[in-house]
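So you can see what is in the structure, the chains are spelled out below.
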Amino acid sequence: MTEVRVRFAPSPTGFFHIGSARTALFNWLYAKHTGGKFVLRIEDTDKERNTEEALQVLLEGMRWLGLDWDEGPEVGGKFGPYFQSERQAIYDAYLKILKDKDRVYEKDGALWFRLEGERYTEYDEFHKAEIEKVKNTPVVIEDAIRGRVERTEERDFVIVRSNGEPVFHFVNVVDDIAMGITHVIRGEDHLSNTSKHVELFKAFDAKVPVFAHIPLILKQSGPGKMSKRDKGALIEEYEQRSFMADAVRNYICLLGWNPKDDQEKMPIEMIIERFDFPGVNKGNARFDETKLSALNAEYIRDLTSEDFANYASPILASNGVDLASIDSSYLDKVFGLCQAKIKSLETLYEYVFYFFQDTYEFDAKGMQRIQKGVDPKLLLREVMPIFEHTEEYSKEELETEMQAVAEANERKIFAYFPVIRMATSGLTGGPDLLPMLSIMGRERVLPRLQSFFEKL
RNA sequence: CUCCCGUUCGUCUAGCCCGGCCUAGGACACCAGGUUUUCAUCCUGGCGACAGGGGUUCGAAUCCCCUACGGGAGGCCA
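Residues numbered from 1 in each chain as written. Chains lettered and ligands numbered in written order. Predicted model: local features only at pLDDT ≥ 70, side-chain atom pairs only at ≥ 80, totals over all residues. Heavy atoms only, no water.

1. Here's the deal with the side chain of Arg87
Here is the rule: To qualify as a helix, a DSSP run of H or I must reach at least 4 residues; to qualify as a strand, a run of E must reach at least 2; elements of each kind are numbered from the N terminus. Three exposure classes are used, based on accessible area relative to the maximum for each residue type with a 1.4 Å probe and protein chains only: buried under 20%, partly exposed in between, and exposed over 50%.
With respect to the secondary-structure elements, Arg87 resides in the loop between α2 (52-64) and α3 (88-100). Looking at Arg87, the relative accessible area reads 1%, which means it is buried.

2. Let's talk about the side chain of Arg421
Threshold: A positive count includes Lys and Arg, and a negative count includes Asp and Glu. His and the chain ends are not counted in either. Should a side-chain nitrogen of Lys or Arg be within 4 Å of a carboxyl oxygen of Asp or Glu, the pair is scored as a salt bridge. As used in this structure description, the phrase polar contact means that two N or O atoms lie within 3.5 Å; if the pair is within protein, one of them must be able to donate a hydrogen and the other to accept it, and residues adjacent in sequence are counted only when both atoms belong to side chains. Residue contacts follow a heavy-atom distance rule, with two residues in contact if any of their heavy atoms lie within 4.5 Å.
Within the secondary structure, Arg421 is located in helix α16 (residues 417-425). Buried within the structure, Arg421 lacks any salt-bridge partner; Asp432 is the closest side chain of opposite charge, at an N-O distance of 6.1 Å. A distance of 2.8 Å separates the side chain of Arg421 from the backbone oxygen of Pro431, its partner in a polar contact. Not counting chain neighbours up to four residues away, the residues in contact with Arg421 comprise Gly426, Leu427, Thr428, Gly429, Gly430, Pro431, Asp432, Leu433 and Met436.

3. Focus on the nonpolar core
What counts here: In this description, a nonpolar core means a group of buried Ala, Val, Leu, Ile, Met, Phe, Trp, Tyr and Cys residues linked to one another through side-chain atoms lying within 4.5 Å. Annotation comment: domain bounds sourced from an automatic or database domain assignment.
Residues Leu29, Phe308, Phe355, Phe356, Phe387, Met402 and Ile420 are the most contacted members of the largest nonpolar core, which totals 113 residues. When residues of this core are assigned to their parent elements, the largest contribution, 9 residues, is made by helix α1 (residues 18-34). Of the residues that make up this core, three or more belong to each of domain 1 (303-355) and domain 2 (364-455). Sequence-distant contacts of Met402, defined by excluding residues within four places in its chain, comprise Val383, Ile386, Phe387, Ile413, Tyr416, Phe417, Ile420 and Leu434. Core analysis: the second largest hydrophobic core is formed by 33 residues, Val171, Val174, Ala203 and Phe204 among them.

4. Description of the domain arrangement of chain A
Selection rule: Joining two parts hides part of their accessible area as seen by a 1.4 Å probe, and the buried area is that hidden amount summed over both. By the convention adopted, Pro, Cys, Tyr, Trp, Phe, Met, Ile, Leu, Val and Ala count as nonpolar, Lys, Arg, Asp and Glu as charged, and the other residues, Gly among them, as polar.
The assigned domain composition of chain A is domain 1 (303-355) and domain 2 (364-455). The C-alpha centroid of domain 2 is placed 23 Å from the C-alpha centroid of domain 1. For the domain 1 and domain 2 pair, buried surface summed over both sides reaches about 990 Å², with 70% attributable to carbon and sulfur atoms. Contact with domain 2 buries surface across domain 1, with Tyr330, Leu337 and Tyr354 losing the most and accounting together for 57% of the total. Where domain 1 packs against domain 2, one counts 1 salt bridge. Ionic pairing is found between Asp432 and Lys341, a salt bridge with its closest N-O pair at 3.4 Å. Those elements that provide at least two residues to the side of domain 1 that touches domain 2 are α11 (328-339) and α12 (348-352). A per-element tally of the side of domain 1 that touches domain 2 places α11 first, with 4 residues. Residue composition of the side of domain 1 that touches domain 2, grouped by class: 7 nonpolar, no polar and 3 charged.

Below, the structure is given as structure tokens:
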């Protein structure tokens, strides 16, 4: 059996679109699954927008998602070059093959591919003109995902523009032949054009690869497929927002593929093992950031505390927290407290910043709520002694003491919580209060309570 | 206008190929309770779908046809 060779052939646009990422991912998964090769080929024929910077965005996104390529930019390979802009000689050679077979003609300065079959002219409603069509035999595509698809290509098409640049359909097929690609896994938006490609493969007497057209990703709301301008469409955005790459990758796998047994969070090794065409869906999927976030949160919770610290530290540092000046055991405790409750790394800083600074704003709504209930000064006066005298500041000790005070004043212990939380963090919500106070310790809690008391 | 692909809870989906085990399962979201009524975690429960119509069949989400809707393509864009 010949080795599976798949490719991802993006055009560097300056963005790494989530749909492209998934196409790359499915190709990569299939290569890994079959023990084949994953080729990265850069379709940079459009000179206008193809810059080095755009290429780096792409490569960086691939790396972030952990999609390594066996052949392509930076790693080379025996089927190179892997930039279409450097493959002109190959295109010329293949063009000559078609010319020799009399399958090419010139019109309006461009080179057209000649279909085989009887010609006739017809008024076309779409083109709003009389155009020449060909009575061609239908092309049959045995799609690995959709099954048998039949389509007739009935118009000659341009393969080399009048400015000399070869068009996508042509270079794509030539490269796939020249690079020995066995399986073409791409978006369903290419399905209609596949008849063009098959016609070309046949004209070259080349073996037609297995096609696998995967469903498209639709935008979160509104009609149409997701485009670069849609919210949440770009991979680099998730990287910037501190999403975990594993979670993003896992989620993208689930858009259009599933293992059939209700498993969702899976290590990549398991996905590689289980990924195959029968598990790929036919219907388009709507992107749902909420679900991505939920999966991301699950990944965060399952991190070892060490890994969590590795993710969290740089985020705090970039928000201005001077980690070097903070006791490492204190930091560990804070991390431990928030890892279990936090939903995203993106909001980590907002969730814990008051552990590291003594001045902060007091949430206005929270203040109102506190004022409305039992006099907060009274509540503070009742519990303050605990925080003055308690030795260990352990969670248990604080709880016992507060419980006693609560009973003495005929209150529930929770009556004190909102005001204490407000005083020590300025917020209405956060980690479990008692452990939080315990970790902060007397040197933070007491002054904050006192100054808050003065303020009231 | 033509052609191609698709259509199960709000969303991602299981089931469909090989009709009965489907009073259609899971996940996210949402709602309600609980975790000695702090809290973005956690637990329990609830809500909620076979696009519509015709067939075929003892029996259809599953097979066939039609319609509707959604998506894509029809470029000297990729």
